[in-house]
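Listed below, chain by chain, are the residues.
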Amino acid sequence: MAANILAWLPGAVSHWQEQAGPGVEVLLGQPPAPEAVLPALVGAALAGARLPAAAVPASLGKPGWQHLPDFDTHILVCTGPRCCFRGAGTLAQRLKAQLAAAGLARRCLTTSTGCIYPCNQGPVIALYPQGEWYRVSDEAALVRVVHEAIGRGRRLADLLLEDRPQTRSAPVPERIPT
Ligand code: FES
């Protein structure tokens, strides 16, 4: 997260300065603990933005953010309140660290979500296109999901959440009726 913000913030500050003038002020809400570094990053970006305008082109985006990401597995990480109560507050970070250590980071897109409903079975992560939802209750489970389910394509029956009801069996109409 910090690296993403560092890449984005200087251009964004230049953009805000272009819009509002050089006295732009950046206000932050209370960051959660993992983002406690944010105020220092914003300060550094503001300091950098005092460089000549050409040094930090105004931009709210980066060229690489123009395209859909390339990945094999989309991982949804629930950061809803019940999963966080069960330890999911740092789950996305720990997952990304495990993916990187396993050499799988570039094959996966990790997205933190709000509640995705099977709260009682949390912490929950879901893999797509596999359609597998797992309970990741500790680091050992996380390592297995990364190495076995994502890395080797194995279905981990003992960690899978109970099967979802099949609610999508109706054929999709070729045309939406007018
Ligand atoms: S809070 Fe995670 S599934 Fe509801």
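Residues numbered from 1 in each chain as written. Predicted model: local features only at pLDDT ≥ 70, side-chain atom pairs only at ≥ 80, totals over all residues. Heavy atoms only, no water.

1. Examining the nonpolar core
Spelled out, the test is: Only buried residues count toward a nonpolar core, which is a set of Ala, Val, Leu, Ile, Met, Phe, Trp, Tyr and Cys residues joined through side-chain atoms within 4.5 Å. Using a 1.4 Å probe on the protein chains alone, a residue whose accessible area is under 20% of its type maximum counts as buried, one over 50% counts as exposed, and one in between counts as partly exposed. The helix count covers DSSP runs of H or I at least four residues long, the strand count covers runs of E at least two residues long, and both are numbered beginning at the N terminus. Residues are treated as being in contact if the distance between any of their heavy atoms lies within 4.5 Å.
Membership of the largest hydrophobic core comes to 30 residues, with the highest contact counts inside it found for Ile-75, Leu-99, Ile-125, Tyr-134, Val-136, Val-145 and Ile-150. Of all the secondary structure elements, the ones that give two or more residues to this core are strand S1 (73–78), helix H4 (91–101), strand S3 (124–128), strand S4 (132–135) and helix H5 (139–150). No other element matches the six residues that H5 contributes to this core. Excluding residues that lie within four positions of it along the chain, Ile-150 makes contacts with Thr-73, Ile-75, Leu-99, Leu-104, Arg-107, Cys-108, Leu-127 and Val-145.

2. Quick notes on the sheet that holds strand S2 (residues 108–113)
Quick reminder of the rule: Two strands qualify as a pair provided that DSSP identifies no fewer than 2 bridges between them. Axis angles are defined between N-to-C directions and span 0 to 180 degrees, where every axis is a line fitted to C-alpha atoms and, for a helix, only to the segment in contact.
Taken in spatial order, the four strands of this open sheet run S2-S1-S3-S4, and their pairing is mixed. Either end of the sheet is taken by a strand with one partner, and the two such strands are S2 and S4. Sheet twist, expressed as the mean angle between neighbouring strand axes with direction ignored, is 20°. In this structure, S3 lies alongside S4, joined through four bridges in antiparallel fashion. Counterpart to Ala-126 in the pairing with S4 is Trp-133.

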